[in-house]
Amino acid sequence: MAFIIAEVGQAHEGSLGMALSYIDALAETGVDAVKFQVHIAEAESSIHEPFRVKFSYQDSSRLEYWKRMEFDKNEWLLLKNRCDEKGVEFLASPFSNAAVDLLEDIGVKRYKLGSGEVTNFLLLEKIARTGKPVILSSGMSSYTELDDATEFLKKRGVEYSLLQCTTAYPTRPENYGLNVIRELKDRYGVKIGFSDHSAKIETCLAARALGAEILEFHSVFDRRSFGPDAESSLEIDEVAQLVERIRNIETAFRNPVDKSSNTVFGEVKSIFEKSLAVNKDLKKGHILAFEDLEGKKPKGYGIDAADFGQVVGRELTRSVRKFDFLTKNDIK
């Protein structure tokens, strides 16, 4: 089954209560993991970092925004414990070595890295030294950069998986890059997933049908809410619908249909399949033509409609009325 990750990201707006509320709500949808981003402002950023999207009037700089998004170690531990209580995995993306130290202190199973960290070998080395698996997004990365990063991880014995991702918020259909799922699988031979920013259910459904084994998407209570990722997110009810539909697709995967046999449809086929009939009154001795024939349900009350070729050009042994079934005794 696919590993389904609902990302809260910065949707909590720096509120611990809001972050807890997201865990509670998302756990009810059936996702496997709830993901956060761990930002330690002074370790990660500087006053020189520009805004990706200028959305906030309360933050004078990107650095100030990251400070507002911070939780301390005890708060992160509270969030992690709430995930444990709700039966979902606590997952987080670190954006600095200091954030890795924090996550190691509270205890995580694995790490998720955004595509902006693919070339950050310092951070890759830090995580490699934990010995834990890595899920790596490929959004802003070329194949050359991915080759370098994956080779770096392989040399250190790190178990890794890759996500096709398009760094556009929200992502338009022409930029989904669904074809890359198979390309990544063929190129790297590891578990491949899809990280979505389209705010549409069908994107992850298509990715799963194409073989994605990890699905990640941003989540928000309401797309009209404040924040840089809100309009690129799925709302909670949509997340529940998505999870249900993904599991339905997976049920289909586990139950392949044997198209070489149709015996299970025997009774239904006899209802839907048809017998030959005539479409007009015809006299005894009439030579039947294709234009005289009709197919009527059910099968078994006349010559099979599939055998019409054996009737064309044959002579009627009796007069028949319009839409009468045609039997073998009626022709010679």
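Scroll up to find the structure this text is about.
Residues numbered from 1 in each chain as written. Predicted model: local features only at pLDDT ≥ 70, side-chain atom pairs only at ≥ 80, totals over all residues. Heavy atoms only, no water.

Draft legend 1. Layout of empty space enclosed by the protein. Using the criterion set out here, one finds two cavities of 30 Å³ or more in the structure. Of the voids in this model, the largest cavity is the one considered here, and its volume is about 80 Å³. Considering the residues around the largest cavity, the lining is formed by 14 residues, among which V8, Q10, A11, D229 and A230 are closest to the centre. Of all the secondary structure elements, the ones that give two or more residues to the lining of the largest cavity are β1 (3-9) and β8 (214-220). Here the lining of the largest cavity gets three residues from one element, more than from any other, and that element is β8. (1 Å grid on protein atoms, 1.4 Å probe; cavity = no way out; pocket = protein on both sides within 12 Å on 5 of 7 lines; lining within 4 Å. Points joined across faces, edges and corners; volume = space filled by probe spheres on them. Helix = DSSP H or I, 4+ residues; strand = E, 2+ residues; numbered from the N terminus.)

Draft legend 2. Quick peek at the pairing of strand β5 (residues 134-137). Covered by surrounding structure in β5 are V134 and L136 together with I135 and S137, the residues of both alternating faces. Bridging between strand β4 (residues 111-113) and β5 involves three bridges; their strand directions are parallel. In the sheet register, L113 faces β5, and the bridge partner there is L136. A crossover connection joins β4 to the parallel β5 through helix α6 (residues 121-128); in handedness this β-α-β unit is right-handed. Note that β5 and strand β6 (residues 160-165) share four bridges and pair parallel. What sits directly across from I135, in β6, is S161. Once you follow β5 into helix α7 (residues 143-155) and on to β6, the crossover reads as right-handed. (Buried < 20%, exposed > 50% of the residue type's maximum accessible area, 1.4 Å probe, protein only. Pairing = 2+ DSSP bridges. Right-handed = clockwise from strand over helix to strand, strands pointing away.)

Draft legend 3. Spotlight on the packing of α6 against α7. Contact pair α6 / α7: the axes reach a minimum separation of 10 Å and the direction vectors enclose 25 degrees. For the element pair α6 / α7, the angle class is roughly parallel. The hand of the α6/α7 crossing is right-handed. Touching F121, L124 and E125 of α6 are D148, A149, F152 and L153, all from α7. Here the contact of α6 with α7 is built from residues that sort into five nonpolar, no polar and two charged. (Axes fitted to C-alpha atoms, helices over the stretch in contact; angles between N-to-C directions. Parallel < 35°, antiparallel > 145°, perpendicular 65-115°, else oblique. Left-handed = near helix turned anticlockwise from the far one by under 90°. Contact = heavy atoms within 4.5 Å. Nonpolar A, V, L, I, M, F, W, Y, C, P; charged D, E, K, R; others polar.)

Draft legend 4. A look at the pairing of strand β3 (residues 89-94). In terms of residue burial, β3 counts as a mostly covered element, since six of its six residues are buried. Residues E89, L91 and S93 line one face of β3 and the alternating positions F90, A92 and P94 line the opposite face, and both faces are buried. Two strands pair when backbone bridges link them, and strand β2 (residues 33-38) and β3 are joined in this way by six bridges, in the parallel orientation. Residue K35 lies in a different strand from β3, and its bridge partner there is L91.

Draft legend 5. Main features of the side chain of S96. Along the chain, S96 turns up in the loop between β3 and α5 (97-106). S96 sits in the buried class, given a relative accessible area of 6%. Within the structure, the side chain of S96 is placed 3.1 Å from the backbone nitrogen of A99, a separation counted as a polar contact. Excluding residues within four positions of it along the chain, S96 makes contact with I40, A43, E44 and L123. (Polar contact = N/O pair within 3.5 Å; in protein donor to acceptor, adjacent residues only side chain to side chain.)

Draft legend 6. How the structure looks around the packing of helix α1 (residues 16-27) against helix α4 (residues 73-86). For the pair α1 and α4, interaxial distance at closest approach is 10 Å and the crossing angle is 15 degrees. In terms of orientation, α1 and α4 fall into the roughly parallel class. Handedness of the crossing formed by α1 with α4: right-handed. Of the residues in α4, those touching α1 at L16, A19, L20, I23, D24 and A27 are E75, L78, L79, R82, C83 and K86. Classifying every residue of the contact of α1 with α4 by side-chain character gives eight nonpolar, no polar and four charged.

Draft legend 7. How the structure looks around the layout of surface pockets. Empty space within the largest pocket amounts to approximately 570 Å³. Lining the largest pocket are 29 residues, and of these Q37, F95, G114, M140 and Y169 lie nearest its centre. Elements with a contribution of two residues or more to the lining of the largest pocket: β2, α3 (62-69), β4 and β8. For the lining of the largest pocket, the class distribution of residues is seven nonpolar, 12 polar and 10 charged. Counted as a void, the second largest pocket has a volume near 200 Å³. Along the wall of the second largest pocket there are 13 residues; nearest its centre are R110, E159, S161, K191 and I214. Counting residues per element, the ones that place at least two in the lining of the second largest pocket are β5 and β6. Of the residues belonging to the lining of the second largest pocket, the class tally is eight nonpolar, one polar and four charged.

Draft legend 8. Representation of the environment of T251 in the model. Residue placement: T251 occurs in helix α10 (residues 236-254). The class of T251 is partly exposed, set by a relative accessible area of 37%. Taking the C-alpha atoms as reference points, T251 and M1, separated by 250 residues in sequence, lie 9.2 Å from one another.

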